[in-house]
Each structure stands twice: as structure tokens, then as C-alpha cells.
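# Remarks on the overall topology
The residues making up each chain are set out below.
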Amino acid sequence: MSVTITRDNLNSEVDNDITVIDFWAPWCGPCKMMDPILETLETQYEGKIHFGKMNVDNNQDIAEQYKVMSIPSLVIFKNGEAKEKITGVYPKEKLANYLDKKLAEVKDNK
């Protein structure tokens, strides 16, 4: 189960090789479509990628800080720094391929 990200725990939760934060809202239909995909990927990448969720309704300032203009958006952090953002609904296979590339980049940089 992904961690609920708040302004209080944001810095400690992104202090990993790779962290994926799902910026979402309870009223967002596409966000609800992404939930089962992200849950599956979270299980698939357990121990390799840290997953979290941030409700933009309660954290609009943080969403703006990471230039989240529409949801769902996934912000990819590497070693505590926001590096990339992808927006919209993606099929599980496409997102898994993307995450595999991010993991390979981390391995190559070690």
C-alpha cells in the first residue's frame, strides 16, 4: 500500500533511489482508473521503487511546486530530487516499461 504523502513527510519519503508520487484527487475519474494500475506496479516493484500518493486538494502549494497542472500526474524522484513528471492514464505495461528504464538509469549511475 502506497504511503500517504503530506508536506510533513515529503522530504523523508522521497529519500530513496526512486520514488513515484501519484498526485491525485478523490473526485478525479482518471485518477480512479490509475489506482489499480499503480497498486499492481507497487507490488511488482516492491523493494525497488517507493510509491506514495498526494491528494492535491489538501496540498495545492506542493502540486504547484512540482508543476502539477492536471491529474493524475506521477512525479518521479531520484535520490530526493524531482526529475520527471508524467501526466494522464497509462496502461500498466507502458508504465512498467518506463519504470524499468528508470531503474536501469539508477543502476548505471551507481
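An unreviewed UniProt entry lists the protein under the name Thioredoxin, with Lentilactobacillus curieae given as the organism. Listed under Sequence similarities (unreviewed entry) in UniProt, the entry text for the protein is "Belongs to the thioredoxin family."

## Observations concerning the UniProt feature "site: Deprotonates C-terminal active site Cys" (unreviewed entry) in the protein
Residues annotated in UniProt with the feature "site: Deprotonates C-terminal active site Cys" (unreviewed entry) correspond here to D22. Examined against the element boundaries, D22 turns out to sit in strand β2 (residues 18-24). Judged by its relative accessible area of 3%, D22 falls in the buried class. Excluding anything up to four places from it in sequence, D22 contacts D35, L38, G52, K53, M54, P72, S73 and L74.

## Overview of the packing of aromatic side chains
The relative placement of two aromatic rings is captured by the distance of their centres and the angle of their planes. Taken as a whole, this structure holds 2 aromatic pairs when the rule is applied. Ring centres of F23 and Y66 lie 6.4 Å apart, and the angle between their planes is 50°; on these two criteria the pair is classed as tilted. Note that F23 is positioned in strand β2 and Y66 in the loop between α3 (60-65) and β4 (73-78), a separation of 43 residues in sequence. For the residue pair F23 and Y66, the accessibility class agrees, reading buried in each case. Judged by centre distance (5.3 Å) and plane angle (75°), the rings of Y66 and F77 are edge-to-face. In this pair, Y66 is assigned in the loop between α3 and β4 and F77 in strand β4, connecting sequence segments 11 residues apart. By the burial criterion, Y66 is buried, and F77 matches it.

About the thresholds
Residues numbered from 1 in each chain as written. Predicted model: local features only at pLDDT ≥ 70, side-chain atom pairs only at ≥ 80, totals over all residues. Heavy atoms only, no water. UniProt positions renumbered as here; feature names shortened; annotations may be inferred. Helix = DSSP H or I, 4+ residues; strand = E, 2+ residues; numbered from the N terminus. Buried < 20%, exposed > 50% of the residue type's maximum accessible area, 1.4 Å probe, protein only. Contact = heavy atoms within 4.5 Å. Phe/Tyr/Trp six-rings, centres within 6.5 Å; stacked < 30°, edge-to-face > 60°.

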